[in-house]
Amino acid sequence: MPIRRTLRGSARTPLDGEHDVLICGASFAGLAVARELAGSGARVLVLDRYEIGERQTSACGIPTAWLRELGLMGAHRQTFGRLVVHTPHGTSVLDLPWTFSTFDYPELCRLLWEQTDAVFETAKVEGRSGNTVHTDRGDLTAPLVVDALGWRRMLAGRKHPARPGARDSVSGYQPPDAPLSRGLEVHPWGAGDELEIWIDRRYVPAGYGWSFPASDEVRVGVGSFDPRFHVKDTTVLLAEDTGRDPVRYQGNWIPHKLRAATDDGIFFVGDSAGHCLPLTAEGIRTALYFGIACGRELRAVVEGRQPAAAALVRYGDFSAAHEWKFRWMLETQHLVPRVPPRLLNLALKGIRTRRFVDWSFKHYLAIAPPEFARASPQPAVRRGAPVRAAA
Ligand SMILES: Cc1cc2nc3c(=O)[nH]c(=O)nc-3n(C[C@H](O)[C@H](O)[C@H](O)COP(=O)(O)OP(=O)(O)OC[C@H]3O[C@@H](n4cnc5c(N)ncnc54)[C@H](O)[C@@H]3O)c2cc1C
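The structure displayed is predicted, hence computed values, not measured ones. Numbers given for residues are sequential positions, taken from 1 along each chain in its written order. Only residues with pLDDT of 70 or above have their local features reported here, since the model is predicted, and side-chain atom pairs are shown and tallied only from 80 upward, although totals for entire chains, interfaces and linings are computed over all residues. Heavy atoms throughout the structure, all of them, feed into the side-chain values; hydrogens and water do not.

Chemist: Whenever I open this one, the overall build of the chain confuses me. Can you help?
Modeler: Secondary structure elements are defined from DSSP: runs of H or I of at least 4 residues count as helices, runs of E of at least 2 residues count as strands, and each element is numbered from the N terminus. A tally of helices and strands in the chain yields nine helices and 17 strands. Counting over 391 residues, the chain shows a buried share of 55%. Whether two residues touch is decided by their heavy atoms; if any such pair falls within 4.5 Å, the residues are in contact. When contacts within the chain are restricted to residue pairs at least 6 apart in sequence, long-range pairs at least 24 apart make up 73% of them. Accessible surface area values rest on a Shrake-Rupley calculation with a 1.4 Å probe, where residue burial reflects the displayed protein chains alone. Looking at the chain as shown, the accessible area adds up to about 16800 Å², and 55% of this sits on carbon and sulfur atoms. A simple rule labels every residue: compare its accessible area, found with a 1.4 Å probe on the protein chains alone, to the largest value its type can have, and call it buried under 20%, exposed over 50%, or partly exposed in between.

Pasting the structure below:
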């Protein structure tokens with residue numbers, strides 16, 4: 001049984017108070033926004049249904065430079081300089097021009113949180129009316145509201161049928177019809193030296209399997225670009241094929257299409273804006289990258305350097321400027337499963353030349369480059385447990 005630390009019963013007092021920025025979602029995207037507001041003087045409230053870092057949302061693999069730039073190496077677990085790609089017809093080893101690392105989710109969230117001066121509360125977000133967010137602990141209003149709640153995009157959505165003027169949590173995006181991938185992994189204890197992926201129809205007709213070692217555990221999973229393909233059985237199969245125990249499951253839907261990053265006065269960041277890269281399902285560094293971009297615009301508002309309307313336009317345009325890269329990756333995502341496996345193996349052998357790998361992986365990193373974090377104002381570092389707003 002997982003241990004639930006989230007507040008229960010009488011501890012769930014109603015929430016109130018005045019806030020300048022309300023950030024819904026305390027994972028990669030939400031924490032990156034809050035970090036960017038540190039020291040601005042803004043009263044920032046961060047909400048999540050779970051405690052910060054309580055529920056891991058990914059295999060936690062990221063370009064190492066992103067950990068370094070954000071001062072998060074304390075959460076680092078293991079670094080890889082090469083990627084091993086298995087197909088049914090052979091294995092190719094790609095020497096990467098930059099390294100990729102796995103990290104510990106609770107520790108990374110804790111370190112990010114320490115770089116904010118926001119207040120945190122556990123609450124389940126249920127919808128909104130204008131700039132008022134409805135939660136299971138009451139309604140909260142702020143002039144600036146961020147949806148960093150993941151693929152459900154809770155704060156968008158159609159008008160609430162029973163509540164005039166309110167919006168419910170249905171965003172019109174429901175699996176399996178929506179452009180969502182399906183990801184599931186197991187976390188057995190154990191060790192490994194290689195970052196491995198499998199492009200093999202035995203595991204998934206369109207997508208890939210992975211094994212990401214992280215010091216004392218290995219994250220083995222399968223992601224399907226086709227939301228109708230159930231990945232449970234083949235996740236177990238891949239775990240067994242690699243000699244791992246299929247234990248401690250973690251899975252979710254993963255968006256693979258960019259969506260408007262602002263809508264009806266709300267800022268959407270990370271998976272809620274479809275910021276996950278469609279070809280690889282890499283969504284952590286993009287959640288951090290767009291979170292930083294959003295936080296910078298919000299900071300300019302709270303410091304009186306621009307009106308909220310300008311922030312909405314500037315952040316929306318910033319996200320939309322990446323559209324062609326996301327579209328290109330989505331087209332490649334559609335193409336790869338159509339390539340016959342034998343040909344794919346030959347293609348992989350052909351592209352593993354140093355020059356091509358360097359060129360393609362450098363371009364791939366440049367979609368959300370780690371240097372982007374560098375221009376951030378010096379984060380206000382604090383120590384200790386999350387601060388609560390209401391007694
Ligand atoms: C199996 C799997 C493995 C993956 N591995 C990787 C990987 O190795 N590298 C990588 O880059 N990407 C990976 N991804 C993708 C990555 O997990 C996401 O793109 C990333 O987590 C997006 O970050 P986010 O902050 O936008 O959303 P999330 O991390 O999903 O966070 C959303 C937050 O909102 C909270 N929340 C949701 N609904 C409510 C509500 N109603 N009320 C209150 N709080 C709520 C949640 O508790 C959560 O804390 C993986 C995904 C899956 C499914």
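Chemist: Can you walk me through the site of the ligand in this structure?
Modeler: One heavy atom suffices: a residue is near a molecule or strand as soon as one of its heavy atoms comes within 4 Å of it. Near the ligand lie 36 residues; those nearest to it are Ser27, Asp48, Thr57, Val125 and Asp271. The contact in question runs from an oxygen atom of the ligand to an N or O atom on the side chain of Ser27, over 2.8 Å. As used in this structure description, the phrase polar contact means that two N or O atoms lie within 3.5 Å; if the pair is within protein, one of them must be able to donate a hydrogen and the other to accept it, and residues adjacent in sequence are counted only when both atoms belong to side chains. Contact distances for the ligand include 2.9 Å between an oxygen atom and a backbone N or O atom of Thr57. Relative to its free-state accessible area of 1000 Å², the ligand is covered by the protein chains to the extent of 94%. Breaking the shell around the ligand down by element, the ones donating at least two residues are helix 1 (28–36), strand 11 (180–186), strand 13 (207–214), strand 15 (249–255) and helix 5 (284–302).

Chemist: Is there a simple way to think about the side chain of Thr286 in this case?
Modeler: With respect to the element layout, Thr286 can be found in helix 5. Overall, Thr286 belongs to the buried group, its relative accessible area being 0%. For Thr286, the side chain forms a polar contact with the main-chain oxygen of His275, separated by 2.7 Å. Excluding residues within four positions of it along the chain, Thr286 makes contact with His275, Cys276, Leu277, Gly291 and Ala368.

Chemist: Can you help me understand the state of the cysteines in this one?
Modeler: By definition, a disulfide links the sulfur atoms of two cysteine residues through a covalent bond. Disulfide assignment relies on a single distance test, namely cysteine sulfur atoms paired within 2.5 Å. One pass over the full model with this rule turns up zero disulfides. Free of any disulfide, Cys60 has its nearest cysteine sulfur in Cys109, 7.9 Å distant. By relative accessible area, Cys60 is classed as buried at 1%.

Chemist: I'm lost on the packing of helix 1 against helix 5 in this one. Help?
Modeler: The axes of two packed helices give the description: the angle between them and the distance between them. Fitted lines through C-alpha atoms serve as axes, helices being fitted only where they are in contact, and the angles separating the N-to-C directions of these axes extend from 0 to 180 degrees. Packing of helix 1 against helix 5 brings their axes to within 7 Å, and their N-to-C directions diverge by 35°. In the crossing of helix 1 with helix 5, the sense of the turn from one axis to the other is right-handed. Two secondary-structure elements touch here, helix 1 through Phe28, Ala29, Ala32, Val33 and Glu36 and helix 5 through Ile284, Ala287, Leu288, Gly291, Ile292, Cys294, Gly295, Arg296, Leu298 and Arg299. Here the nonpolar group is Ala, Val, Leu, Ile, Met, Phe, Trp, Tyr, Cys and Pro; Asp, Glu, Lys and Arg are the charged ones; every other residue, Gly included, is treated as polar. Of the residues contributing to the contact of helix 1 with helix 5, the split by class is 10 nonpolar, two polar and three charged. For any helix crossing, the convention is left-handed if the near helix is rotated counterclockwise from the far helix by under a right angle, and right-handed if that rotation is clockwise.

Chemist: I'm lost on the sheet that holds strand 17 (residues 266–268) in this one. Help?
Modeler: Hydrogen bonding along the main chain pairs the strands of a sheet, whether they run parallel or antiparallel. In this analysis, strands are considered paired if DSSP registers two or more bridges between them. The strand order across the open sheet formed by six strands is 6-2-1-10-17-16, and the pairing between neighbours is mixed. Of all the strands in the sheet, just strand 6 (119–122) and strand 16 (262–263) have a single pairing partner and so form its edges. As paired strands, strand 1 (residues 21–24) and strand 2 (residues 44–48) are joined by four bridges and run parallel to one another. Along strand 2, the bridge assignment pairs Leu22 with Leu45.

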